[in-house]
Every structure is written in structure tokens, then in C-alpha cells.
Amino acid sequence: MENEEAKKHQKKPGTGINTFLHVLQQAVIFIAAILAVMVLCGSYVVIESGNGTQLYNIRNEEADTKFEDSKLFNKLLGNSITDVVRYGAIRGQMETDGEFDGKKVIDTTAFAGRYNSLQSEYITARYYLDDLINWSKNGFTYEDVYMTGEEADQFLSRFNLVTTVDLDSDSYSGSAKYLNSDLDSAVVIKDVSGNLFDTGAYQREDENVTVLRNRYRTVDGKNIEDHVAIFDEYYKLCANIKQTADDLALNYNEYLKYQELYQPGQSNVVYFIRKTVGDDVLVYTNLDTKAKNLTVLKQELLDSCMRSVYYDPVNMTYETDTQIEESTLRYVMNGFDYAYPENTQVMVGIRSDLSYAQDGFNKARNEFNKYVPFLGQYLVCAVVCIIIYLLLLALLTVREGVAGRKESGEVIIRLHREDRIPTEIMIAAAGMIVFLVYMLISRVINTAWQSMGNNAMIAFGAVFVLAVSLLFSFFYYSFVRRIKAGTLWRDSLIRRFGKWVLKWIRYAYRHWDLVLRVWVPFGIFVLFHMVMLLVISAGSLYSVPRFLIAMLILIVVDIQIGILIYRSARARQTILEGIRKISEGDTEYKVNEKGMQGDNLVMARAVNSIGDSVKNAVETSMKDERLKADLITNVSHDIKTPLTSIINYVDLIKRQNVQDPQIREYIQVLDAKSQRLKQLTDDLVEASKISSGNIVLQWEKINLVELLHQTIGEFSEKFGEKRLYPVFNSPADNVCILADSRRIWRVMENLFNNIYKYALEGTRVYIDLELRQDAENHEKWVVLAVKNISAKPLKVNPNELTERFIRGDESRTTEGSGLGLSIAKNLVEIQKGVLEIVMDGDLFKVNLYFPLLEEQIN
């Protein structure tokens, strides 16, 4: 009903205004996006560093500031120093003499504990760098194994291979940590005998152990288990090897990234890290030099740089012409103290000619020089546009979906095609869109910002925001219309699923015997299945032949029970379908009895027999009805001709000036009885037409208020004779229904005639009009209630009064054919209404229900 009303209002004037507001809303957000992206592009610079993409703000710089004195320059330099220090620590792990060395020997236990001081004794395994990196990439494979004491004794070594560190050696140049000391001259590797096993004082127990597969051997060709004598030490060593391999694999990826960022020709950052480990001086730099002399290195770097930072913790020297503080560099160096001894010198500078490399400093200098001071005005305009967008959003939220108003003032909501999509699907689609937008923002846009120019980025950003806004509007306004129309929950899959579950619960409750028949065999099947499984799993009975026999029996039983349940359920479904077809009037339908057995076959035959009986009864009833209708029509037609002559002659006699009072009384009786006979004949013909369906309705708009006023006026003289006082109540001046004017008048005439004949004299007659709304489908109805007090006791069932030739006056002393209420009820029903009779003592009440007509019918 709501959809039909909405369709009639699709072209209301407000639709065009809504379209304009939608277009204006998208235009405003498009302009806001352009301004916002202009501000971002002009106020921020995106730089690729070792820590990923970094965003730097250039709006807070003071006027007339040079780039090398700016906050932006110093932030970039600080991040570069952090990268260089970390890069130097990683180079110490990966390189020998300034080149990557895959055959570099790694002490796994010392490396895993590199953040802590070295122990004087520990068990370790030494692997080549390449092997550890590849091992991490290929993955570590573990296996749970049950070992007897003898097998464990054969698997592990009888010696612990212990590494001893001379902590009093002069080889250290600071704290005793891995990578910042010369371990080669201070480490002794020795075997510690597991003599408890040799003497038999300790016996290994049988146990479950976890063994790491040796994908690679140590530098001396041994496996992990060859280094330890007990499983506790084995597990610790395995954990150290895995941690070392994973850390080195991660550092190797960063090594390649830093190598690309800071190699000569690719970066304007120039650096050297000089450290003394034992008697060796190690230098990591991107300068084109082989020098290790500190003075030479400093001079070469200063000659090519406009700004630099130099830090020497041993000599407590810190030199810089930047805003980088010594505490900052000291904090960064302390984070990698395992790689840098105290005798370490670090110097980082930025080339004077930034055109040397197209790196972050070059890009930042260009963006810094292009900065526009009045970008703040663009930002204000963008904020204003966003506020306008939000105001339009609020306004459209109120107006969206409104297609007009009904005569009662109720708002009509017009739903779009997408509003019929189930609510959960729309929510899932909206969630997917949000996820895709997030992915675009987090990945694609970052890449686009680095690769696009400002103009292209502005265009891309504006189009992207417009697309997001259109998608948001599509989903948001759809949910708004659903909420207003009350379909958000009604069209949800959860509600449909809930109704389906309730339907099947009711079905199971109503057909508990059918459910019992289906589930009892299935329960027996499950019980038998469980018993067989228990037999199979019994250890004393478990054997291959018995297992195969039991499984074969289970499969056969499963198939047979499944077939029986399926056939029974299918037969019942077929029988129910036959009953439904026959109940709907298809008496020709026959249930297919093929394949049915037992009770199902008996029921199928009974249903078919019932169908035949119903068919015969219907045919007989229809034949009798046709004969009755023909008889009534023929008799009425035969009576009408002489009756018309009688009425006409009586009328002629009445016009004669008859003086004899006795004859005049006879003439009045003839006139009254002939008119009554004519009314009875008309009622019989009308009832015959209705029962045979031989009646054509002319539908039109009927104002019940006017019709009732007219009817009351027509019967005012008759009601006056019996002192009946009509009291009419209506909720409005216009209460309209769709009906046939001639037939609805006949209904009112029969009802008022009934009141005139049987109402108690000197009483009131109440005629009430009322509007009601159906709670389920929200349809509106007109209810007409006509109430009067009966002159005689009512001893008849209300339902019998609407049958033919039934009268409330059992003595039949009053005039009437017994067809008035029957005709009224049939005429009401063919006009899509309902007639209901209610009796309470002497109160006689007739209720008429008609659908309310709210629109003009063309």
C-alpha cells in the first residue's frame, strides 16, 4: 500500500529540490577536497627514509629562514643520523673490509645476547652468515620424538662444547659486549666431559623430546646436538640459533634498504663511522676514500658539506653547526652500544650542492622554497565548505525519501530500488567499501603522493574524496529511507531467518507425531552407530578384519535408515501437498501413491477418496444451486407479470371515488399486500443474482457521511411513526470508500428497514463511524456501527440472521422476507467489506468494515 502511494507522489515538487541539494552537497565536498589537498601539498612534504615514509610540516617555519637553518632541515638530518647509526651497526654484522661477507662466522649465543654483557662461559654454535639468513627464510622445522634413554644417549654428545671468555684480557675496548670487542684473541673453546654418563652415575630416562632439524651445519661441520650433553642446554642453544637467524634475516633486509638509500650518488647525506676494536680500526662510510685517519676523514666530509655533526665520546668532543643536540646523538648511540665501543667517532653531513642526488633533502628544499604563506586562507575555506556539507547532510536527512502527505497528514516515504536489498547485505557492502577506502588511503595514496606532482595529486585527491562522498551518500540515505519507512528491520535477513526458525518450530509443534516418527529411527541409528564405534575402539577386539566388517555394517545401516527416513518424509510431503491442493479447490488433484507403504499409503488413498467425495459434493451442490437459482428466477419472472397488472389495477381503483368505507379498506389491503409481494419478488431476484455471481459492480468513490445523512433523511418519516431517534457520530465530514453506489444504498436501505421493523418504539438508534488501523499490515479501515434496542427478545444465533429466510421474529407477525440481512451481507462482501452482527441481550448491533479510500479515483 505504501509503495502504491509513493508511486503516485514520485513527481512531487520537493523531488527536484532534493536533487539540487544532493548535487550542491557533492559540489561543496569536491571544492573542500581541492582546497584541503592544496593545503596538504603546500604545507607538508613526504620523504622516504629508512623508517618508511615520513610526513614533515613546513607551515610553522619563520619568514626569511634558509632551508639549512629550518626546522625541516634539522628534522631530516636527525632522522638521517638515526639511520646512519643503525646502518653502521648492521654493516658491522654483515661486512668484512667494507663488503658483504656471506662467510662471516656468527657466534649465535653471543649474538642473541648482544644487548647484555658477555658471560665468562657459555655454550654456542658458530654458523656462516649466509646459512643463518637462508635458514630463517626457509623456516625452522621441529619434530616431536619419543626417545628411550639409550636413544637419547646416542643422539646427544657426551661433552658440552664450552666457549670461555677471558674477561681480564686487554683486548676489550670498553664494555664486554658482542660486536664491540675483539673476541678472537680472548675466547677459548674447550670440551667439558659429561663424566656422569661415562661412569654410569647418571642414567637417561625415556622421554618425549622436541628436535630441531639441522638444515645447515656449523662452520666446523657439526650438528647442534654435537655441542651439548643434556636436553636443557640443547633447547637453549636451539632458541639462540633461531633468534639469531631471525634477527639477521630482518637486519639483512634493512641492510639492503639502507645500502640503496645512502650509497654514493643516491643521497646527499655524507657520513663516516670510525671505531677501534682491539688493534683494528674499522671505517664505514659512503665517501669515495679508503682513508682511516680521523683528520683526513673529517676534512673530506667538511669540504663537501654545508652542515655537519661530529661526535667523539672518548675525547668528549661534539661539533656541529646545526640544531641537533649532543644528548640526541648520545641517546641514539646508546641504543646500539653492543656494536660501538667507546672509541668510536661518528660524523654526518649534508652536501652543499643538493642537486647531487634526488633524495629527501633535495625534495624538501624544493618544497620549502615553494611554500605559500596564505595557505591558511585555503584551509579556512575548506573548513567552511565542510560545515556547509554537514548542514546539507542534516537537511537532506530530514527531507530524504519524503514523497508527499496523505489526506490524514501522514508522510509518504518513497523507497528506491536499492532500498529493497537486505539490510545485512547493505551493511556488509558498506563495510567492504570502508575497508577498501582504508587500504587505498594507507597504501595507494602514500605511493601516489611520492610519485605524483602537486597538480596531479590535487586532482586525484578531489576525485577520490568525491567518489567516497558519493558512496557514503548512497549507503547513508538508503539507511535513512529505510528507517523512515520502517523497513530497516523488516527487510533484514536476521528477521527473515528468525521467522523461518519460528515457522519450523511451530511446524514441529503442530506435527509432533511426524517429527517423532522421523527422529526415533534416527535416534536408534545414532545409538547403534555409537555402540559399533565402541566395539571398534575396544583394544581387545581391534583388528583389521573386524574393523572392515564393522565399517561395512555401519555403511549398510546408514544407507538403509537414510533411505527409509527420506522416503517417509517425501511421502508425507506429497500427502500434505495433496491436502493443500484439494483445500484450495483443486478437486481434480490426485496424490501419487507409487512407492508409498504403510500408513502413508493408507493416508494417500484416503486423501484421494476425500478429493473425489469433495468433487462430487461440489458438483451436486453447484447443480442444486443452479436449479434453485433458475427456479427462483423463473418463478419470480412468472409472478412479476400478473403482479404488475394487479398493482396497476389497484392503482386505477384507488383513483376512483369510492365512497364505501368497507371497499376502501379492501383496496388498501390489496395495495399493501401487492407492494409487499413486489418487494419479496425483487429480493428473491437480487439474492439469486448475488449467489450466482451474475452481478456487475460500478466502482466509484462514496462519501459514507453524505450517504448516511441521506439515508437518515429518507427514513425520517418512518422513524417518526415509531418515535425512533437517530444519533449520528462521524470523525470527519469526508469518510470515503470505494463501492457501487446502487448496491451500497441497498445495504443501507435494508439495515434501516430492519431497524424500522424490529426496533423498540421510543428509543434511540445510534449510527457511529470510526477509523481503525490494522497493526500488522498498517491498512486503514472504516467501521460503521448501527445499534438499536430490539422490541422483542432475541433468541436467534447472530450468524443465522444473515442466512436466507431467517427472521428474528419467530412468530413472523411482522412484515419481512427474511432476505434483507442476507442480501446486505452478500453485497458488503462483494464490495470487499465485512458485515458482522453482535447481540447483547436486547441490544442489536451491525458492524460494517470497508477499506478506507484516501485518494481520489480517476
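Residue positions are given per chain, counted from 1 along the sequence in the order it is written. Residue-level local features of this predicted model are given only where pLDDT is at least 70; pairs of side-chain atoms are given and counted only at 80 or more, and the full residue set underlies all totals for whole chains, interfaces and linings. Only hydrogens and water are set aside; all other atoms, that is, all heavy atoms of the structure, feed into the side-chain values.

## Concerning the overall build of the protein chain
The criterion, for reference: By the criteria applied, helices consist of DSSP H or I runs no shorter than four residues and strands consist of E runs no shorter than two, each listed in order from the N terminus. Classification of residues uses two cut-offs on accessible area relative to the type maximum, computed with a 1.4 Å probe and protein chains only: under 20% is buried, over 50% is exposed, and between them is partly exposed. Throughout, a contact is declared for two residues whenever any of their heavy atoms are within 4.5 Å. Accessible surface is estimated by sampling points in the Shrake-Rupley manner with a 1.4 Å probe; for residues, cover comes only from the protein chains shown.
Within the protein chain, the regular secondary structure consists of 23 helices and 25 strands. Each of the 858 residues in the protein chain was classed as buried or not, and the buried ones make up 38%. Once local pairs closer than 6 in sequence are excluded, the contacts in the protein chain between residues at least 24 apart make up 73%. Surface exposure of the protein chain reaches about 48,900 Å², of which carbon and sulfur atoms provide 56%.

## Overview of the pairing of strand β25 (residues 843-851)
In plain terms, the rule: Strand pairing requires that DSSP identify at least two bridges connecting the strands.
Sheet topology note: the strand β23 (residues 780-789)/β25 ladder contains nine bridges and is antiparallel. Bridged to N788 within β25 is F844. Summarising the sheet, strand β24 (residues 834-840) and β25 pair through seven bridges and their orientation is antiparallel. Counted as the bridge partner of I837 is V846 from β25. A loop of two residues connects β24 with β25, the two strands running antiparallel in sequence, and G841 in this loop sits at a positive phi of about 65°.

## Considering the environment of E254
Position of E254 among the secondary structure elements: in helix α8 (residues 231-262). Counting along the chain gives 168 residues from E254 to R86, while the straight-line C-alpha distance between them is 9.3 Å. Those residues in contact with E254 that lie beyond four places of it in its chain are R86 and I90.

## Some thoughts on the pattern of salt bridges
Put simply, the test is: What makes a salt bridge here is a side-chain nitrogen of Lys or Arg within 4 Å of a carboxyl oxygen of Asp or Glu, nothing more.
Taken as a whole, this structure holds 15 salt bridges when the rule is applied. Its salt-bridge partner being E319, residue K298 comes within 3.4 Å of it at the nearest N-O pair. Of this pair, K298 sits in helix α9 (residues 294-304) while E319 sits in strand β15 (residues 317-320), placing them 21 residues apart in sequence. K298 sits in the buried class, given a relative accessible area of 18%. One salt bridge connects R420 with D491, and the closest N-O pair in it is separated by 3.6 Å. Note that R420 is positioned in the loop between β18 (411-413) and α13 (423-451) and D491 in the loop between α14 (454-485) and α15 (493-510), a separation of 71 residues in sequence.

## Structural notes on unusual backbone geometry
Positioned with a positive phi, D97 is a non-glycine residue whose angle comes to about 55°. Following the sequence through the fold, D97 ends up in the loop between β3 (95-96) and β4 (99-100). Residue D97 is classed as exposed on the basis of its relative accessible area, which comes to 76%.

## Some remarks on the pairing of β23
Two elements, strand β22 (residues 764-773) and β23, share eight bridges in a ladder whose sense is antiparallel. Directly across from I767, in β23, lies its bridge partner V786.

## So, the sheet that holds strand β14 (residues 305-312)
Note the cut-off: Angular values range over 0 to 180 degrees, each being the angle between N-to-C directions of two axes fitted as lines to C-alpha atoms, with helices fitted over their stretch in contact.
Judged by pairing direction, the sheet is antiparallel, and its five strands sit side by side in the order β13-β12-β16-β14-β15 without closing on themselves. Each edge of the open sheet is held by one strand with a lone partner, namely β13 (280-285) and β15. Between one strand axis and the next, the sheet turns by 10° as a mean value, whatever way the strands run. Taken strand by strand, helix α3 (residues 71-94) contacts β12 (269-277), β13, β14 and β16 (344-351), and its axis lies near 40° from that of β12. On the sheet, helix α10 (residues 326-334) packs against β14, β15 and β16 and is oriented at approximately 60° with respect to β14.

## Quick look at the nonpolar core
Put simply, the test is: Buried Ala, Val, Leu, Ile, Met, Phe, Trp, Tyr and Cys residues that are joined via side-chain atoms within 4.5 Å together make up what is termed a nonpolar core.
Counting residues in hydrophobic clusters, the biggest one holds 65 residues, and the most contacted among them are F67, L77, I224, Y234, I241 and F361. Excluding its chain neighbours within four sequence positions, the residues that come into contact with I241 are T108, A125, Y127, L132, W135, F140 and I224.

## Describing the packing of aromatic side chains
Note the threshold: Two aromatic rings, drawn from Phe, Tyr or Trp (for Trp, its six-membered ring), form a pair once their centres lie within 6.5 Å of each other, and the interplanar angle then sorts them: stacked below 30 degrees, edge-to-face above 60, tilted otherwise. Geometrically, a charge over a ring is one whose NZ (Lys) or CZ (Arg) sits within 6 Å of the ring centre while staying within 35 degrees of the ring normal.
On inspection of all chains with the given rule, the structure shows 26 aromatic pairs. Aromatic side chains Y252 and Y255 sit 6.5 Å apart centroid to centroid with 25° between the ring planes, which places their arrangement in the stacked category. With Y252 and Y255 both in helix α8 and three residues apart, this pair spans about one turn of that helix. When its relative accessible area of 18% is taken as the criterion, Y252 is described as buried. Residues Y476 and Y477 carry aromatic rings whose centres are separated by 5.2 Å and whose planes lie at 70° to one another, so their mutual orientation is edge-to-face. Within the aromatic cluster, the residues linked to one another by ring pairs are Y87, F100, Y252, Y255, Y258, Y262 and Y271. Taking NZ or CZ as reference, K103 lies 5.0 Å from the ring centre of Y128, over its face. R351 extends its terminal NZ or CZ atom over the ring of Y356, reaching a point 3.9 Å from the ring centre.

## Some remarks on the packing of α3 against helix α11 (residues 360-369)
For any two helices packed against each other, one specifies the inter-axial angle together with the distance between the axes. Heads up, the condition is: Under this scheme an angle from 65 to 115 degrees is roughly perpendicular, one under 35 degrees roughly parallel, and one over 145 degrees roughly antiparallel; angles in between are oblique. In this classification, Asp, Glu, Lys and Arg are treated as charged, Ala, Val, Leu, Ile, Met, Phe, Trp, Tyr, Cys and Pro as nonpolar, and every other residue, Gly included, as polar.
With their axes 11 Å apart at the nearest point, α3 and α11 run at an angle of 170° to one another. In terms of orientation, α3 and α11 fall into the roughly antiparallel class. Across from L72, F73, L76, L77 and S80 in α3, the residues of α11 making contact are G360, F361, A364 and F368. Grouping the amino acids of the contact of α3 with α11 by side-chain chemistry returns seven nonpolar, two polar and no charged.

## Quick notes on the packing of helix α5 (residues 129-138) against α8
Direction vectors running N to C along α5 and α8 enclose 95°, while the axes themselves pass 8 Å from each other. Between α5 and α8, the crossing angle belongs to the class labelled roughly perpendicular. Contact residues: α5 offers L129, L132, I133, W135, S136 and K137, while α8 offers I241, T244, A245, D246, L248, A249 and Y252. For the contact of α5 with α8, the class distribution of residues is nine nonpolar, two polar and two charged.

## Some thoughts on a nonpolar patch on the surface
This is how the line gets drawn: For patch detection, residues must exceed 30% relative accessible area and be free of salt bridges, and they are connected within 9 Å for like charges or within 5 Å for nonpolar side chains (Val, Leu, Ile, Met, Phe, Trp, Tyr).
Residues L379, V383, I387 and L391 make up a contiguous nonpolar surface patch of about 350 Å² in total accessible area. Inspection of the secondary structure puts L379 in helix α12 (residues 375-399). On the accessibility criterion, L379 (34% relative accessible area) is partly exposed.

## Some details on helix α20 (residues 704-714)
Condition: Working definition: the arc comes from the directions between the helix axis and the C-beta atoms, pointing outward to the latter. A 3.5 Å cut-off defines polar contacts: any pair of N or O atoms within that distance qualifies, except that in protein one atom must be a possible hydrogen donor and the other a possible acceptor, and neighbouring residues in sequence count only when both atoms are side-chain atoms.
Of all the positions in α20, only L704, V705, L707, L708, T711 and I712 are classed as buried. One side of α20 carries all its buried residues, which in axial view fall inside an arc of 160°. In α20, the exposed positions angled more than 90 degrees off the buried face are occupied by E706 and E714. You can read the cap of α20 off the contacts: a side-chain oxygen lies 3.1 Å from the backbone nitrogen of V705, and it is on N703.

## With respect to the confidence of the model for the protein chain
Close inspection of predicted coordinates is inappropriate for parts of the model with low pLDDT. So the rule is basically this: What pLDDT expresses is the predictor's confidence in each residue, scored from 0 to 100.
With 75% of its residues at a pLDDT of 70 or more, the protein chain has an overall mean of 78. This model gives residues 1-13 a pLDDT under 50, and the stretch forms 20 contacts once residues within four places in sequence are excluded. Under a pLDDT of 50 for its full length, residues 194-201 has, in the predicted model, eleven contacts with residues more than four places off or in other chains.

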